[in-house]
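Close look at the chain arrangement
Spelled out, the chains give:
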Amino acid sequence: MRRTPVLLLSVALGGPLAPLGAAGTLLTNALLLDGSGAPGRAGSLRIEGERIAAVAYAPETLAPLAGEAVVDVHGLALAPGFIDTHTHGDEEVREHPDALGAVSQGITTLIGGQDGGSELPLADFFGELERQPVAVNVASYAGHGTIRSRVLGADFRRAATRTEVEAMRDLLRTEMAAGALGLSTGLEYDPGIYSASTELVELAKVAAAAGGRYISHVRSEDRDFWAAIDEILAIGREAKLPVQISHVKLAMRSLWGEAPRLLALLDAARRSGVDVTADIYPYLYWHAGLTVLFPLRNFESLEAAEFALREVVPPEGLILARYLPQPSYAGKTLAAIARERGEPPARTLIELIRMAEAMKAEGREGVENIIATSMIEGDLEQLLAWPETNLCTDGQLDGRHPRGFGSYPRVLGRYVRERRVLTLEQAVRKGTALAADHVGIPDRGRLVPGAFADLVLLDPATVVDRATTDEPHALSTGIERVWVNGTVVYEGGRPTGARPGRVLRRASGAATR
Ligand SMILES: [Zn+2]
């Protein structure tokens, strides 16, 4: 380890933490994966301050500068830090400023404000993060659901009026001016599920006018999936802005095997001029609330419950991750709870929702959530391989789904090394340059001089996730060191405590100080 002289230098200079990066670091003997998808090449890379100062490919070399720390990385792979285009980490990063779940998998930028939920106003959230920085960069969409709640309040189970849509457009304009990347929607959730498509188009036009984008947890990932895809494509066409399908999946028995049909549809839309893209997390099970199993919100319907358990998630595939009305149920499957209660699973499901909704009606939040296995490997692999799919976690920094700690190493270990669905270079591109392009962040996601030095040093031969549903916070193997804006935030399996993360606003992509 060659960092000691740098530390001594920073102490000698009497500076705070900044000199660690400012002194400069030369990483030699690396396998450089530049983010573009081009074959990895041996070379060296210089970090100066917050940025990449130089990149040289063998046989070219970079001669060490006076005072520079030289670190031989012994052939490990050096890639741009991962940009998580769909995370819920933004909701928790102030409580977990080291963002261990993110940095331990090589993530250096969190793209939050997802599924229709964001901080409002974003200007305050961004200001807070700048006064008290965290380990990672943070950017955000403006959430449609959040804005809709502000305007409609508790009376949200209906279409919005023209006046209300105008009020929402005004709020969105403010959020776009504060630096939101665009508009996010969560159309399987309250209150987004009650919005008309016309409302979404009117709002998307505001995002488009500001040069922003649209990203959506689409209206259905199961029963009405094809209509939901038609809706997002129509929004892209009518509002004239790039649209991204969040955590793309085929989450219903009757949809299994339909990945080719979906991708053909998306490719056709792209050819017709709709800039549609997707992100994906590498697991066959999702994590959300019980209510998404009832798109008609007919929670008392035995028929709807039986349909959900037959077509969307079988009772043994549904784990209650959290359940406040009866905390002893947490961690158990619906099948086990039904056995305990001596009733058919569909009846249990109805009872669980009834108790949870009663508690929510009293104003309690975070009452329940579930982890549900609804997808199959063949679809996941084809969706992952689509050239316009980038990677995401959809995870939390302190959540129960292992994706919050394992997504990127899982792609690199399982889908690159073991199953060979992607090359290492393709996977890195999907986590970096492609992700940056899909959310509109320049100056990151590529190993080029002048870019911000968000970097991950990893071992392609060993990298793999270890987080599971039983141990969702187990750290991955093979992520050796992570830099954010030129400063090391993770190494040796622990966060360094450094907090160099910036707020990334849409305007320039780079942070303003
Ligand atoms: Zn979602």
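Read from one edge to the other, the open sheet built from 6 strands follows the order 9-10-11-12-13-17, with strand pairing classed as parallel. Looking at strand neighbours, the two that pair on one side only are strand 9 (142-143) and strand 17 (389-391), the edges of this open sheet. In terms of strand pairing, strand 9 meets strand 10 (residues 182-186) through 2 bridges, oriented parallel. Considered in strand 10, the bridge of Ala 142 is made with Leu 183.

Moving on: the coordination of the zinc ion. For the zinc ion, the protein coordination sphere consists of Asp 115 (OD), His 217 (ND1) and His 247 (NE2), at 2.0 to 2.3 Å. Within one chain, the residues serving as donors to the zinc ion are arranged as D-x101-H-x29-H. With Asp 115 in the loop between strand 7 (107-112) and helix 4 (122-131) and His 247 in the loop between strand 12 (243-245) and helix 9 (259-271), this residue pair connects regions lying 132 residues apart in the sequence.

Put simply, helix 7 (residues 197-209) and helix 8 (residues 225-239) touch, their axes get as near as 9 Å, and they point 45° apart. The pairing of helix 7 with helix 8 is recorded here as oblique in orientation. For the element pair helix 7 and helix 8, the recorded crossing hand is right-handed. Residues Ser 197, Leu 200, Val 201, Ala 204, Lys 205 and Ala 208 of helix 7 pack against Glu 231, Ile 235, Glu 238 and Ala 239 of helix 8. Taken together, the residues of the contact of helix 7 with helix 8 sort by class into 6 nonpolar, 1 polar and 3 charged.

On inspection of all chains with the given rule, the structure shows 34 salt bridges. A salt bridge links Glu 164 to Arg 158; its shortest N-O distance comes to 2.8 Å. Residue classification places Arg 158 among the partly exposed residues on the basis of a relative accessible area of 25%. Here Arg 261 makes a salt bridge to Glu 258, at a shortest N to O gap of 3.7 Å. What makes Glu 258 partly exposed here is its relative accessible area of 22%. Here the residues in one salt-bridge network are Glu 166, Arg 169, Glu 202 and Lys 205, joined through shared partners.

Among the residues of helix 4, Leu 122, Phe 125, Phe 126, Gly 127 and Leu 129 are the ones counted as buried. On the buried face of helix 4, the contacting elements are strand 8 (137-140), strand 9 and helix 6 (162-177).

This part takes up the pairing of strand 20 (residues 487-491). Within strand 20, 5 of the 5 residues are buried, which leaves the element mostly enclosed by the surrounding structure. Bridge count between strand 19 (residues 479-484) and strand 20: 4 bridges; the pairing is antiparallel. Within strand 20, the position partnered with Arg 481 by the bridge is Glu 491. Counted between consecutive antiparallel strands, the loop separating strand 19 from strand 20 contains 2 residues, among which Asn 485 sits at a positive phi close to 50°. Relative to strand 21 (residues 494-495), strand 20 runs antiparallel, the two being bridged by 2 bridges. Bridging across to strand 21, Tyr 490 finds its partner in Pro 495. Where strand 20 folds back onto strand 21 in an antiparallel hairpin, the turn is made up of 2 residues, including Gly 492, whose phi is positive at roughly 60°.

The subject of this paragraph is the environment of Arg 466. Tracing the sequence through the fold places Arg 466 in the loop between strand 18 (455-458) and strand 19. For the pair Arg 466 and Tyr 194, spaced 272 residues apart in the sequence, the C-alpha separation amounts to 39 Å. Not counting the four nearest positions on each side in its chain, Arg 466 is found in contact with Glu 471, Ala 474, Leu 475, Ser 476 and Thr 477. Polar side-chain contacts of Arg 466 include one of 2.8 Å to the backbone oxygen of Leu 475.

Calculation criteria
Residues numbered from 1 in each chain as written. Predicted model: local features only at pLDDT ≥ 70, side-chain atom pairs only at ≥ 80, totals over all residues. Heavy atoms only, no water. Pairing = 2+ DSSP bridges. Helix = DSSP H or I, 4+ residues; strand = E, 2+ residues; numbered from the N terminus. Donors = N, O, S within 2.8 Å, 3.2 Å for Na, K, Ca; no water. Axes fitted to C-alpha atoms, helices over the stretch in contact; angles between N-to-C directions. Parallel < 35°, antiparallel > 145°, perpendicular 65-115°, else oblique. Left-handed = near helix turned anticlockwise from the far one by under 90°. Contact = heavy atoms within 4.5 Å. Nonpolar A, V, L, I, M, F, W, Y, C, P; charged D, E, K, R; others polar. Salt bridge = Lys/Arg side-chain N within 4 Å of Asp/Glu carboxyl O. Buried < 20%, exposed > 50% of the residue type's maximum accessible area, 1.4 Å probe, protein only. Polar contact = N/O pair within 3.5 Å; in protein donor to acceptor, adjacent residues only side chain to side chain.

Structural measurements only, silent on function.
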